[in-house]
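# Secondary and tertiary structure notes
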2 protein chains.
Amino acid sequence: MRANVSPATVSRVLNQSKPVSKAVREKVLKVVEELNFNPNAVARSLAMKESKLIGVLIPGIDSVFLSKFVNILEEEFFKHNYTTLLCNTRCDDDIEKDYLRLLKDKYVDGVVLMTSHPKPHQIEFFEQVDIPAVFAGHTDPTKQFSSVNINNYQAMYDAARYLLENGHQRIGLFGGPFIYRQAMERLSGYRQALADYGIGYDESLVFANDYDIEHGYENGMKLFRREDKPTAVCCVSDMVAIGAIKAAEEYGLRVPEDISIMGFDDIRLAKAYRPGITTIRQPIKELSVQAAEMLLQQIRQKENYIKETRVLAHDIIVRGSCMAVTG
Amino acid sequence: MRANVSPATVSRVLNQSKPVSKAVREKVLKVVEELNFNPNAVARSLAMKESKLIGVLIPGIDSVFLSKFVNILEEEFFKHNYTTLLCNTRCDDDIEKDYLRLLKDKYVDGVVLMTSHPKPHQIEFFEQVDIPAVFAGHTDPTKQFSSVNINNYQAMYDAARYLLENGHQRIGLFGGPFIYRQAMERLSGYRQALADYGIGYDESLVFANDYDIEHGYENGMKLFRREDKPTAVCCVSDMVAIGAIKAAEEYGLRVPEDISIMGFDDIRLAKAYRPGITTIRQPIKELSVQAAEMLLQQIRQKENYIKETRVLAHDIIVRGSCMAVTG
DNA sequence: CTGTTAGCGCTTTCAT
DNA sequence: ATGAAAGCGCTAACAG
């Protein structure tokens with residue numbers, strides 16, 4: 001073109017795909033510089049059937065936990081020259097399907113799924129398109145997909161056990177919507193811990209709704225007014241715990257003296273809150289970095305990639321929102 | 001093709017770009033349905049020089065305020081068939097430049113800028129590429145760009161005045177980094193209010209760093225130990241206020257009896273916190289919806305679009321973290 | 001090593 | 001109203 005070379009040559013120097021003589025390479029580079037030329041990504045995608053785009057399917061970004069997760073994902077992808085497509089499904093399978101189709105048409109190079117389950121439509125989709133995918137924060141028990149996650153069952157088991165060990169006999173659960181596998185797993189952990197300590201399951205002590213502060217508050221307002229209220233409750237997120245604490249205080253209950261409240265996630269606020277929130281820490285940074293790594297590797301290796309399901313360790317962080325029952 | 005019609009015809013029915021006889025249209029539609037055919041977005045982009053992609057340039061998504069903002073943006077764009085490209089600049093101009101170039105190469109149809117200023121490189125870029133753009137949460141005083149924002153100067157002025165009216169004479173400011181125009185404007189509002197009430201500006205009372213909880217805490221730990229500590233402080237975000245409250249309590253200071261702490265944004269947590277945080281409310285939903293609307297309109301009208309700078313009203317929300325000085 | 005050619009899958013003149 | 005053909009800007013295969 002301008003530098004009296006063929007477009008093919010330009011392509012070759014820019015992509016270092018084929019050897020080019022030093023002289024020519026430098027000339028091309030110089031002209032590229034001068035014209036401030038940069039190759040058109042769309043045309044490139046069309047020719048190569050790849051886009052340097054990664055889709056992130058997520059219920060919504062409006063949560064401290066998830067936004068942090070995506071923040072790190074974006075950073076990792078950017079480092080490797082991939083751009084992040086934000087796809088909020090709002091827990092709506094139809095939207096998820098739409099997005100999946102769209103992602104395919106845009107030749108995305110991979111997708112990270114932060115929506116629940118391997119659902120039928122997801123399985124069907126990935127059976128016919130073969131786009132690298134990894135579940136993050138959700139585990140695929142069928143091992144059809146790679147995934148990184150903590151062991152949600154064990155995590156909630158540990159939370160409940162901690163309370164049990166501290167003498168609590170009556171423990172509530174402010175869980176997530178049980179359409180999420182994740183929420184179900186946590187429920188199971190909670191139930192098993194109770195069972196292991198010889199305590200009967202009381203359904204009236206468990207609530208199932210969203211992970212936000214308002215629901216923690218609502219649940220608390222319903223539960224803590226009752227005569228037979230628990231002495232402790234396990235929450236599905238720190239935000240729910242904060243809402244629950246507010247409700248408790250509204251009834252004049254002191255936390256933790258009158259009621260212990262346990263969080264989940266260990267967001268930064270959990271530490272700053274008063275009382276500090278005793279919580280189950282999710283290794284969010286590791287979770288997201290590894291999700292990105294696994295996806296990138298899968299993109300590189302394609303056929304040869306071996307699926308993995310990674311389970312990272314959680315921790316219990318003891319702060320001030322829980323205490324042993326006295327008397 | 002399969003339906004013994006030319007690709008041109010298919011294109012025409014799918015895009016309704018040219019009249020097609022009813023008979024043929026229906027046949028095509030049926031075959032499309034059967035084959036579960038959907039048009040390739042990349043090829044389409046290449047031919048049309050548009051992508052149905054919108055870039056969102058933002059310092060980071062890891063903040064309650066910003067993640068909520070982006071959450072709504074995504075929803076609006078999705079409604080209109082646009083997909084959101086998440087571009088975290090981490091306040092780094094080089095990353096911002098990289099992203100801008102990338103967005104251009106991907107033929108994004110528009111971009112919303114949540115990074116500060118109209119900076120030189122932004123101006124230069126948009127001069128030569130003519131991609132619709134709108135600033136959100138930042139105002140362009142030169143009116144070269146459309147923008148939606150609140151009046152940050154007035155907002156902080158009002159915050160300070162509220163404190164002044166309540167008898168405070170010594171008021172601190174936990175502001176943002178002054179490289180942000182937004183932070184500068186808020187500083188000006190604070191200073192002007194002080195001046196209007198005949199109070200001298202004491203630089204040792206103002207801090208300038210990030211909008212997060214940790215910095216609120218740090219600032220508080222430095223300031224509240226001093227003999228000459230203020231009786232009130234204006235914070236640049238609710239998170240900073242929460243951090244400041246924690247610091248105050250660590251020194252045995254009661255909020256608001258011993259010190260008043262004022263927030264900014266009115267995130268949901270501000271209401272749930274104890275004490276409830278007196279704060280300046282930003283109409284976040286309106287801000288983001290209008291940003292999306294303005295951009296979409298600009299995309300539709302292109303040449304004929306008339307730039308706008310919208311300024312939305314803020315509010316002061318009185319809760320429990322501030323009180324009048326007694327004595 | 002480098003230029004020529006074809007083609008990615010769509011939209012869009014231009015004929016018919 | 002519809003088909004044929006060109007072209008969007010790039011990469012890949014094939015010559016030379």
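Above this text sits the structure in question.
The rules behind the values
- Residues numbered from 1 in each chain as written.
- Chains lettered and ligands numbered in written order.
- Predicted model: local features only at pLDDT ≥ 70, side-chain atom pairs only at ≥ 80, totals over all residues.
- Heavy atoms only, no water.
- Near = heavy atom within 4 Å.
- Polar contact = N/O pair within 3.5 Å; in protein donor to acceptor, adjacent residues only side chain to side chain.
- Helix = DSSP H or I, 4+ residues; strand = E, 2+ residues; numbered from the N terminus.
- Nonpolar A, V, L, I, M, F, W, Y, C, P; charged D, E, K, R; others polar.
- Core = buried A, V, L, I, M, F, W, Y, C linked by side-chain atoms within 4.5 Å.
- Buried < 20%, exposed > 50% of the residue type's maximum accessible area, 1.4 Å probe, protein only.
- Contact = heavy atoms within 4.5 Å.
- Least-squares fit on C-alpha atoms with pLDDT ≥ 70 in both.
- Arc of directions from axis to C-beta.
- Expected span 1.5 Å × (residues − 1).
- Buried area = accessible area lost by both parts, 1.4 Å probe.
- Salt bridge = Lys/Arg side-chain N within 4 Å of Asp/Glu carboxyl O.
- Pairing = 2+ DSSP bridges.
- Phe/Tyr/Trp six-rings, centres within 6.5 Å; stacked < 30°, edge-to-face > 60°.
- Lys NZ or Arg CZ within 6 Å of the ring centre and 35° of its normal.
- Axes fitted to C-alpha atoms, helices over the stretch in contact; angles between N-to-C directions.
- Disulfide = S-S within 2.5 Å.

## Quick notes on the protein's contact with DNA strand C
- Looking at DNA strand C, there are 23 residues lining it, with Thr9, Arg12, Ser21 and Val24 of chain A together with Ser11 of chain B nearest.
- Of everything in DNA strand C that lies within 4 Å of the protein, sugar and phosphate atoms constitute 63%.
- Arg12 of chain A places a side-chain nitrogen or oxygen 2.6 Å from a base nitrogen of DNA strand C.
- In the environment of DNA strand C, a phosphate oxygen lies 3.1 Å from a nitrogen or oxygen atom belonging to the side chain of Arg44 of chain B.
- The set of elements that each furnish at least two residues to the surface near DNA strand C consists of α1 (7–15) and α3 (41–48) of chain A together with α1 (7–15) and α3 (41–48) of chain B.
- In terms of residue class, the surface near DNA strand C is made up of 13 nonpolar, 6 polar and 4 charged.

## Let's talk about the nonpolar core
- The biggest cluster of nonpolar side chains holds 152 residues, and the ones touching the most others in it are Phe224 and Ile261 of chain A together with Phe77, Phe224 and Ile261 of chain B.
- The contacts of Phe224 of chain A, once residues within four sequence positions are left out, are Phe174, Lys229, Val233, Ala244, Ala247, Ala248, Tyr251, Leu253, Ile259 and Ile261 of chain A.
- With 36 residues, the next largest nonpolar core counts Phe145 of chain A together with Ile95, Leu100 and Val111 of chain B among its residues.

## Examining the protein's contact with DNA strand D
- Contacts to DNA strand D come from 25 residues, most closely from Ser11 of chain A together with Thr9, Arg12, Ser21 and Val24 of chain B.
- Among atoms of DNA strand D positioned within 4 Å of the protein, sugar and phosphate together represent 69%.
- Measuring from a phosphate oxygen of DNA strand D, one finds a backbone N or O atom of Ser21 of chain B at 2.7 Å.
- Here a base oxygen of DNA strand D and a backbone polar atom of Ala47 of chain B are 3.4 Å apart.

## Notes on the environment of Val42 of chain B
Residue and element names in this part refer to chain B.
- Inspection of the secondary structure assignment puts Val42 in helix α3.
- Judged by relative accessible area, which is 6%, Val42 ranks as buried.
- Along the primary structure Val42 and Lys106 are separated by 64 residues, whereas in three dimensions their C-alpha atoms are 9.6 Å apart.

## Observations concerning the relation of the copies chain B and chain A
- In the superposition of chain B on chain A (RMSD 0.1 Å, axial shift 0.1 Å), the rotation amounts to 180°. The symmetry that links the two subunits is that of a two-fold axis. When each C-alpha of chain B is compared by its distance to the rotation axis, Leu85 of chain B comes out closest, at 2.3 Å.
- Of all interface residues in chain B, 100% are interface residues in chain A too; the two copies therefore contact each other through one and the same surface.

## What to know about α1 of chain B
All names here are of chain B.
- Listed in full, the buried residues belonging to α1 are Thr9, Val10 and Val13. For α1, the arc enclosing every buried residue in end-on projection is 100°, short of the 170-degree limit, so these residues lie on one face.
- Those residues of α1 hidden inside the fold are in contact with α2 (22–35).
- Among the residues trailing α1, Gln16 stands out with phi positive, at a value near 50°.

## Brief notes about helix α10 (residues 238–250) of chain A
Residue and element names in this part refer to chain A.
- Here α10 spans 18 Å end to end across 13 residues, near enough to the 18 Å set by a 1.5 Å rise per residue.
- Among the 13 residues that make up α10, 11 are buried, leaving the element largely enclosed by the rest of the structure.
- Every buried residue of α10 is accounted for by Asp238, Met239, Val240, Ala241, Ile242, Gly243, Ala244, Ile245, Lys246, Ala247 and Ala248.
- N-cap assignment for α10: the residue whose side-chain oxygen lies 3.3 Å from the backbone N of Met239 is Ser237.
- Backbone geometry just downstream of α10 places Gly252 in the positive-phi region, at approximately 75°.

## What about the interface of chain B and chain A?
- Taken together, the contact between chain B and chain A spans 51 residues of the former and 51 residues of the latter.
- Counting the surface lost from both chain B and chain A, the interface buries some 4800 Å², and carbon and sulfur atoms represent 55% of this.
- Remark: the boundary between chain B and chain A carries 6 salt bridges.
- A salt bridge links Arg90 of chain A to Glu74 of chain B; the shortest N-O distance between them is 2.4 Å.
- Counting across the chain B and chain A interface gives 27 residue pairs in polar contact (both at pLDDT 80 or more).
- For the side of chain B that touches chain A, the secondary structure elements donating two or more residues are α3, α4 (64–79), β2 (83–88), α5 (93–105), α9 (213–223), α10 (238–250) and α11 (268–272) of chain B.
- At 8 residues, α4 of chain B tops the list of elements feeding residues into the side of chain B that touches chain A.
- Tallied by class, the residues present in the side of chain B that touches chain A amount to 23 nonpolar, 10 polar and 18 charged.
- Across 3 bridges, the pairing between strand β2 (residues 83–88) of chain A and β2 of chain B is antiparallel. Each residue of the ladder has a partner; that of Thr84 of chain A, found in β2 of chain B, is Leu86 of chain B.

## Looking at the packing of aromatic side chains
- Under the criterion given, the structure shown has 21 aromatic pairs over all chains.
- With 5.3 Å between their ring centres and 75° between their planes, Phe135 of chain B and Phe145 of chain B make a pair best called edge-to-face. You can see Phe135 of chain B sitting in strand β4 (residues 133–136) and its partner Phe145 of chain B sitting in the loop between β4 and β5 (146–150), a full 10 residues away along the chain.
- Among the aromatic residues, those joined into a ring-pair cluster are Phe125, Phe126, Phe135 and Phe145 of chain A.
- Taking NZ or CZ as reference, Arg191 of chain A lies 3.7 Å from the ring centre of Tyr201 of chain A, over its face.

## Some details on unusual backbone geometry
- Residue Pro256 of chain A follows Val255 of chain A across a cis peptide bond; omega there is 10°.
- As for its position among the elements, Pro256 of chain A is in the loop between α10 and β9 (260–265).
- Positive phi, normally seen in glycine, also occurs at Cys91 of chain B, with a value near 60°.
- With respect to the secondary-structure elements, Cys91 of chain B resides in the loop between β2 and α5.
- The exposure class assigned to Cys91 of chain B is partly exposed, which follows from its relative accessible area of 44%.
- Its identity as a non-glycine residue notwithstanding, Asp265 of chain B has a phi of 115°, on the positive side.
- In this structure, Asp265 of chain B sits in strand β9 (residues 260–265).

## What to know about the sheet that holds strand β1 (residues 53–58) of chain A
- In spatial order, the strands read β11(A)-β5(A)-β4(A)-β3(A)-β1(A)-β2(A)-β2(B)-β1(B)-β3(B)-β4(B)-β5(B)-β11(B); together these 12 strands make up an open sheet with mixed pairing. In this open sheet, the two strands that pair with only one neighbour each are β11 (309–312) of chain A together with β11 (309–312) of chain B. The average undirected angle you get between the axes of adjacent strands in this sheet is 20°.
- Here strand β4 (residues 133–136) of chain A runs beside strand β5 (residues 146–150) of chain A; their pairing, made up of 3 bridges, is parallel. Residue pairing for β5 of chain A: Val134 of chain A is matched across the bridge by Ser146 of chain A.
- Seen against the sheet, α4 of chain B touches β2 of chain A together with β1 (53–58), β2, β3 (110–113) and β4 of chain B and runs at an angle of roughly 170° to β1 of chain B.

## Re the state of the cysteines
- Inspection of every chain in the model, using the stated rule, returns 0 disulfides over all chains.
- The thiol of Cys87 of chain B is unpaired, and the distance to the nearest cysteine sulfur, on Cys87 of chain A, comes to 13 Å.
- Free cysteine Cys235 of chain B: the closest other cysteine sulfur is in Cys234 of chain B, separated by 7.5 Å.
- Judged by its relative accessible area of 1%, Cys235 of chain B is buried.

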